[in-house]
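What follows is each chain in one-letter form.
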Amino acid sequence: MKKYVVFVLMLLLLPTGSIRAQEAQPGNFIAGNNDFLLNGKPFIIRAGELHYSRIPRPYWDHRIKMAKAMGMNTICIYLFWNFHEQQEGVFDFSGQKDVAEFVRLIQKNGMYCILRPGPYVCAEWDMGGLPWWLLKKQDLKVRTRSDAFFMDKVKTYMNEAAKQLAPLQIQNGGPIIMVQVENEYGTWGSDGKYMEIMRDDIREAGFNKAQLLRCDWSSNFFHYKLDGAVNALNFGAGSNIDDQFRKFKQMNPTSPLMCGEYWTGWFDQWGRPHETRDVNSFIGSLKDMMDRKISFSLYMAHGGTSFGQWAGANAPAYAPTTSSYDYNAPIDEAGNPTDKFYAIRNLLKNYLQEGETLPEIPQNPEKIITVPTINFTQTAGLFENLPVAKQSENIQPMEFFNQGWGSIMYRKQIPACNQKQTLVINDVHDWAKVFINGKMIGILDRRRSENTIEIPVLKSGSRLDILVEGMGRVNYGEAIIDRKGITENVTLTEGKNKTDLKNWKIYNLPVDYDFQNKVKFSTKPSTGPTWYKATFNLTETGYTYLNMSSWGKGMVWVNGHNLGRFWKIGPTQTLCVPGCYLKKGSNEIIVFDIDNPKTTTIEGLNYPILDVIGKDDSQQSKAARRLNLNGINPVIQGSLPAESGWKTIDLDELTTGRYFCFEALSSQNPNDPSTTIAEFEIIGEDGKAISTINWKVDFVDSEETVKSANGADKIFDKQESIIWETKTGDKTKLPHQVVIDMGKEVKIKGFRILPRSDKSNLGVVKDYRFYLEKNPFKF
Ligand code: GLA
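Attention in this report is confined to the structure presented alongside it. Not measured: the values here are computed from a predicted model.

Remarks on the packing of helix α3 (residues 60-69) against helix α5 (residues 99-108)
Closest axis-to-axis distance for the α3/α5 pair is 10 Å, and the angle between their directions is 40 degrees. Viewed along their axes, α3 and α5 adopt a mutual orientation that is oblique. Both α3 and α5 take part in a crossing whose hand is right-handed. Seen from α3, the contacting residues are Trp60, Asp61 and Ile64; seen from α5, they are Glu101, Phe102, Leu105 and Ile106. Considered class by class, the residues forming the contact of α3 with α5 number 5 nonpolar, no polar and 2 charged.

Section: the sheet that holds strand β4 (residues 46-49)
Two modes of strand pairing occur in sheets, parallel and antiparallel, and in both the strands are linked by backbone hydrogen bonds. Pairing is parallel around the closed barrel formed by 8 strands, whose spatial order is β4-β5-β6-β7-β8-β9-β10-β11. Each neighbouring strand pair of the sheet contributes to a mean axis angle of 30 degrees, computed without reference to strand direction. Where strand β10 (residues 258-263) lies against strand β11 (residues 295-299), 4 bridges are found, and the strand directions are parallel. Following the sheet pairing, tyrosine 262 is matched in β11 by leucine 298. Sitting on the sheet, helix α8 (residues 241-251) is in contact with β9 (229-236) and β10, with an inclination near 150 degrees to β9.

Considerations on the packing of aromatic side chains
One pass over the full model with this rule turns up 56 aromatic pairs. An angle of 40 degrees between the planes, with centres 4.4 Å apart, marks the rings of phenylalanine 80 and tryptophan 125 as tilted. Here phenylalanine 80, found in the loop between β5 (74-78) and α4 (81-84), pairs with tryptophan 125, found in the loop between β6 (112-116) and α6 (148-165); they are 45 residues apart in sequence, far enough to count as distant. Grouping residues by exposure puts phenylalanine 80 and tryptophan 125 together as buried. An angle of 55 degrees between the planes, with centres 5.2 Å apart, marks the rings of phenylalanine 699 and phenylalanine 779 as tilted. Here phenylalanine 699 is found in strand β37 (residues 696-700), whereas its partner phenylalanine 779 is found in the segment after β40 (767-773), with 80 residues between them in sequence. Look at phenylalanine 699 and you get buried, because its relative accessible area is 6%. Stacked on the ring of tyrosine 325, the Lys or Arg arginine 54 has its end atom at 3.6 Å from the ring centre. Taking NZ or CZ as reference, arginine 446 lies 3.9 Å from the ring centre of tyrosine 318, over its face.

Concerning the site of the ligand
The immediate surroundings of the ligand are formed by 15 residues, with Tyr78, Glu124, Glu184, Glu261 and Tyr327 found nearest. Between tyrosine 78 and the ligand, the recorded distance is 2.7 Å, taken from a side-chain N or O atom to an oxygen atom. About the coverage of the ligand: the protein hides 100% of its 310 Å² of free accessible area. Residue composition of the shell around the ligand, by class: 10 nonpolar, 2 polar and 3 charged.

Regarding the pairing of β40
Where strand β33 (residues 636-639) lies against β40, 4 bridges are found, and the strand directions are antiparallel. Bridge pairing in β40 places isoleucine 636 opposite phenylalanine 770. Across 6 bridges, the pairing between strand β34 (residues 647-664) and β40 is antiparallel. Bridge assignment links tyrosine 659 to a residue of β40, and that residue is glutamate 773.

Concerning the packing of α6 against helix α7 (residues 192-205)
The interhelical angle for the contact between α6 and α7, taken along N-to-C directions, is 35 degrees, at an axis separation of 8 Å. In this structure, α6 meets α7 at a crossing whose hand is right-handed. Counting all contacts with α6, which are made through Phe150, Met151, Val154, Lys155, Met158, Asn159 and Ala162, the residues of α7 involved are Tyr194, Ile197, Met198, Asp201, Ile202, Glu204 and Ala205. Residues of the contact of α6 with α7, tallied by class, amount to 10 nonpolar, 1 polar and 3 charged.

A word on the layout of surface pockets
Size it by volume and the second largest pocket reaches roughly 1000 Å³. Looking at the second largest pocket, it is lined by 37 residues, and the ones nearest its centre are Gly186, Thr187, Trp188, Gly189 and Ala689. Of the residues belonging to the lining of the second largest pocket, the class tally is 13 nonpolar, 12 polar and 12 charged.

Description of the environment of phenylalanine 680
Summarising the element assignment, phenylalanine 680 is placed in strand β36 (residues 679-684). Taking the relative accessible area as the measure of exposure, phenylalanine 680 reaches 1% and is therefore buried. Between the alpha carbons of phenylalanine 680 and lysine 718 there is a distance of 8.6 Å; along the sequence they are 38 residues apart. Beyond its immediate stretch of four places on either side in the chain, phenylalanine 680 contacts Phe660, Phe662, Trp695, Ile715, Phe751, Arg752, Ile753 and Phe770.

Some details on α3
Along α3, 7 of the 10 residues are buried, which leaves the element largely enclosed by surrounding structure. Within α3, burial applies to Trp60, His62, Arg63, Ile64, Met66, Ala67 and Ala69. Lining the buried residues of α3 we find β5, α5 and α10 (339-348). Where α3 ends, the next residue or the one after it, glycine 71, has phi of about 115 degrees, a positive value.

Definitions and cut-offs
Residues numbered from 1 in each chain as written. Predicted model: local features only at pLDDT ≥ 70, side-chain atom pairs only at ≥ 80, totals over all residues. Heavy atoms only, no water. Axes fitted to C-alpha atoms, helices over the stretch in contact; angles between N-to-C directions. Helix = DSSP H or I, 4+ residues; strand = E, 2+ residues; numbered from the N terminus. Parallel < 35°, antiparallel > 145°, perpendicular 65-115°, else oblique. Left-handed = near helix turned anticlockwise from the far one by under 90°. Contact = heavy atoms within 4.5 Å. Nonpolar A, V, L, I, M, F, W, Y, C, P; charged D, E, K, R; others polar. Pairing = 2+ DSSP bridges. Phe/Tyr/Trp six-rings, centres within 6.5 Å; stacked < 30°, edge-to-face > 60°. Buried < 20%, exposed > 50% of the residue type's maximum accessible area, 1.4 Å probe, protein only. Lys NZ or Arg CZ within 6 Å of the ring centre and 35° of its normal. Near = heavy atom within 4 Å. Polar contact = N/O pair within 3.5 Å; in protein donor to acceptor, adjacent residues only side chain to side chain. Areas by Shrake-Rupley, 256 points an atom, 1.4 Å probe, with all protein chains shown as cover. 1 Å grid on protein atoms, 1.4 Å probe; cavity = no way out; pocket = protein on both sides within 12 Å on 5 of 7 lines; lining within 4 Å. Points joined across faces, edges and corners; volume = space filled by probe spheres on them.

Purely geometric numbers; function is a separate question.
And the structure:
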């Protein structure tokens, strides 16, 4: 009896979430014929994606409740491997990383959960969720069974993940109804065997009861087969639903239909316009799905913030993602409803299933506040605060010095030289400042493939410093093996003499708060890369935004929390501070700015600035050019049909070239002077699309990069919902041309072109010419 009382008491002391999960009845969820079946009854999944890593833990419950109030019955989550295993073999599932508690909260709120444990997740998250320390292996390959080390590490991770979450499968009384295998593997490869191993790892780890899921696109889901997993398709706001599912339905006539990610907005990249998605077209296609009883998951219901160093990047062209992951989602970065939220709630109230009611919109636990203007008086210059140097004969990226994130400085003495020399850095990952004797001589930006700088005449031996800031690791596509710092070598060329520079001093500048806190602050003014420290007093706490627009480039820590990156080029000009990072009374703030701030004050704001592109004065202006195609014959010309989907054009014979020009002569709509293309692939000798990893846009006559981020590089970004669009407005005139440098000569069989897949047909190409040259085109 006594034992029984103690047991009941212990149960009462457990957090309520844990009790519920244990008490809940085992249930069942499967993909049946045409329908998902929850405990035997047809169930339409209305999921919203939330990332526990992007929402401070005190707000988890509120954001789940918000998603429910928007009309969701399910929360979809990624599991971020690299968030939990930041050092090889050391797993952490506590505090902010206690994902099992997040899942229990989902259940406590009467909702279901779709779990997407990767190992690869994409998600605009550093390296798509893969741990940086994998990169210590020189010849690392990922997402392939050809690398035993990678496969082995995945298995260990999956076992750890299952220890946390397998007990929460619905069959065990938890809320997890489905577990996703990998992520959009069809955009990467076609090795069904690899996917089978991923599936089996998940099963063997302990997720052996839940329905399995895979997600892909309408254009690539058939690239591989995976038995035992239901297939969802991902697509963007405003898509034509019947088009999206046409081929899928033909090939899977009895599968329940689901959009695995219906993109509510899109992510922002540094230096490119803020992304938004129109509410009406978004709602239109959502209604289309509801009317057809198609399940969906909104990516993102609420994006939140990629705090610290977690934001990833896309490539090519290298384009790092901003720290704000507001995503133009229905719930904004601070957790408040937007117009899209109300529009979704209004729509979905008409589609509730038996026994459901729409709850009231919960009150945000935090109000929005404005912090007083912060003035910085304490500084610490980088050169006076360097950590102990390591020695290295060769240039190596930071991973080989056991550094995961941040900046790294390479230093060496170079001899006197009475003429100018050329310094070539292969490759800069991602943004470098070059100094001679502490004086900055130039900036190199990977976004523009810059790697060369002129060294002035050196009267005597001089100190060369190359400070390289690593931004987000590529999280999508072929360039995902993305080490930081300098990846290959540094050469110095004087006349005909080229020297490979050896024997460097290495300074590691990690992002950890402890490192920033150790530097010696003083009131002495400092120029160049500098830490700035201040305190500010608050009488109340709440969510707030710091206006960083007068600063250069760097990171900010408030009371020890790394808020993320700022960069004057925008479009994000603010950093979001969650109320739980602040306290009443004195708060500490440290800024590390590697570019020069205009003023060293921070203005507090009660709203974010997400859409102001700032001046990028390191960018050299390019003279306007006009393409001259006189005397050049197209290798093929013709007319494309109007219907949607990929079109393949075969050349008459294999043809070799390095530069191609696609020229749009007319649009499907005769009065439409614009051109849009979603994707463009070159088919190599073997009949497969060639690698685009070294592709560069050499020329485009018109691209919309001001009102929206629709530059010509979007034709090879492998994101089908993102398009190249000529300038919107009346300035555009056919023909339109885009010239791509493929980086090397290739033998080509033909090309494939994908028109836009939303409901608009603006700019869809009809007549075209295609040119292929060994040498650059003339201007
Ligand atoms: C894909 C990925 C997601 C995310 C979105 C874009 O659908 O699966 O992880 O990267 O694109 O936001």
